[in-house]
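Spelled out from the first residue to the last, the chains are:
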Amino acid sequence: MKEGAELPPLDVEITRTLIVAGAIASRDYQDVHHDPEAARAKGSPDIFMNILTTNGLVGRYITDHFGPNSRLRKVAIRLGVPNYPGDTMQLRGEVERVDGDEVTVKVTGDNSRGRHVTGTVQVVLP
């Protein structure tokens, strides 16, 4: 692994099931993540993905690439535009730093509205 290396992109279909299941799995019962009418009443066109689901997808992207024995040391993300049902988010990564068995990857995730997530992940390789 070399600095500047790009990870292959990962396309994630944003479905209602993914949004609701991620919210339930992370115990985020905010109505905007499962109730379209409540989301609209609060100014959103539909339900939208929570940050914990995005965080999990970013982690999956990294471990899918580096393997099941890799260990996430730190995941730091910031959200941008929402992920709504019916869209696709494309995750991309670029190696920023390699220090022995630790690799730092810059991750972005874009959908049709723009940049959904930006962040860095430190991963320890086996």
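Preceding this paragraph is the structure being described.
Just so we're clear, the structure is a prediction, and the values are computed from it rather than from any experiment.

Asks: Lay out the pattern of salt bridges with the relevant residues and their values.
Replies: A pair can form between side chains of opposite charge whenever their charged atoms are brought close. This structure, assessed with the given rule, holds nine salt bridges. For Asp-31, the salt bridge identified is with Lys-42, shortest N-O distance 2.8 Å. Taken together, the positions of Asp-31 in the loop between α1 (16–25) and α2 (36–41) and Lys-42 in the loop between α2 and α3 (51–66) put the pair eleven residues apart, joining distant regions of the chain. Overall, Lys-42 belongs to the exposed group, its relative accessible area being 56%. For Arg-113, the salt bridge identified is with Asp-87, shortest N-O distance 3.6 Å. Highlighted residues: Arg-113 in the loop between β4 (102–111) and β5 (114–124) and Asp-87 in strand β3 (residues 87–99), separated in sequence by 26 residues. Residue Arg-113 is classed as partly exposed on the basis of its relative accessible area of 47%. Given the relative accessible area of 11%, Asp-87 is considered buried. Salt bridges linked by common partners bring Arg-73, Arg-97, Asp-99 and Glu-102 together as one network.

Asks: So, the sheet that holds β5: which residues are in play, and what are the values?
Replies: Pairing is antiparallel in the open sheet, where five strands are placed in the order β1-β3-β4-β5-β2. The open sheet has two free edges, formed respectively by β1 (6–14) and β2 (71–79), since each of these has just one partner strand. Taken over all neighbouring pairs, the strand axes of this sheet differ in orientation by 20 degrees on average, direction set aside. In this sheet, β3 lies alongside β1 in antiparallel orientation, the contact comprising seven bridges. From the neighbouring strand, Glu-13 faces β3, where its bridge partner is Thr-88.

Asks: Would you mind going over α1 in detail, with residue names and values included?
Replies: By the burial criterion, the buried members of α1 are Ile-19, Gly-22 and Ala-23. On an axial view of α1, the arc spanned by its buried residues comes to 100 degrees, and they lie on one face. Summarising the geometry of α1, the exposed residues directed more than 90 degrees from the buried face are Thr-17, Ile-24 and Ala-25. Buried residues in α1 make contact with β1 and α3.

Calculation criteria
- For every chain, the first residue of the written sequence is number 1, and numbering continues from 1 along that sequence.
- In keeping with the predicted nature of the model, local features appear solely for residues at pLDDT of at least 70, side-chain atom pairs appear and are counted solely at 80 or more, and the whole-chain, interface and lining totals rest on all residues.
- To obtain the side-chain values, all non-hydrogen atoms of the structure were used and water was disregarded.
- Salt bridge, as used here: a side-chain nitrogen of Lys or Arg that lies within 4 Å of a carboxyl oxygen of Asp or Glu.
- Here a helix means four or more residues in a row that DSSP labels H or I, a strand means two or more in a row labelled E, and each is numbered from the N terminus.
- Only protein chains enter the area calculation, which uses a 1.4 Å probe; residues under 20% of their type maximum are buried, those over 50% are exposed, and those in between are partly exposed.
- DSSP calls a pair of strands paired once it identifies at least 2 bridges connecting them.
- All axes are obtained by fitting lines to C-alpha atoms, using only the stretch in contact for helices, and the reported angles, taken between N-to-C directions, cover 0 to 180 degrees.
- It is the directions from the helix axis to the C-beta atoms whose arc is reported.
- Working rule for contacts: check all heavy atoms of both residues, and any pair within 4.5 Å makes them a contact.

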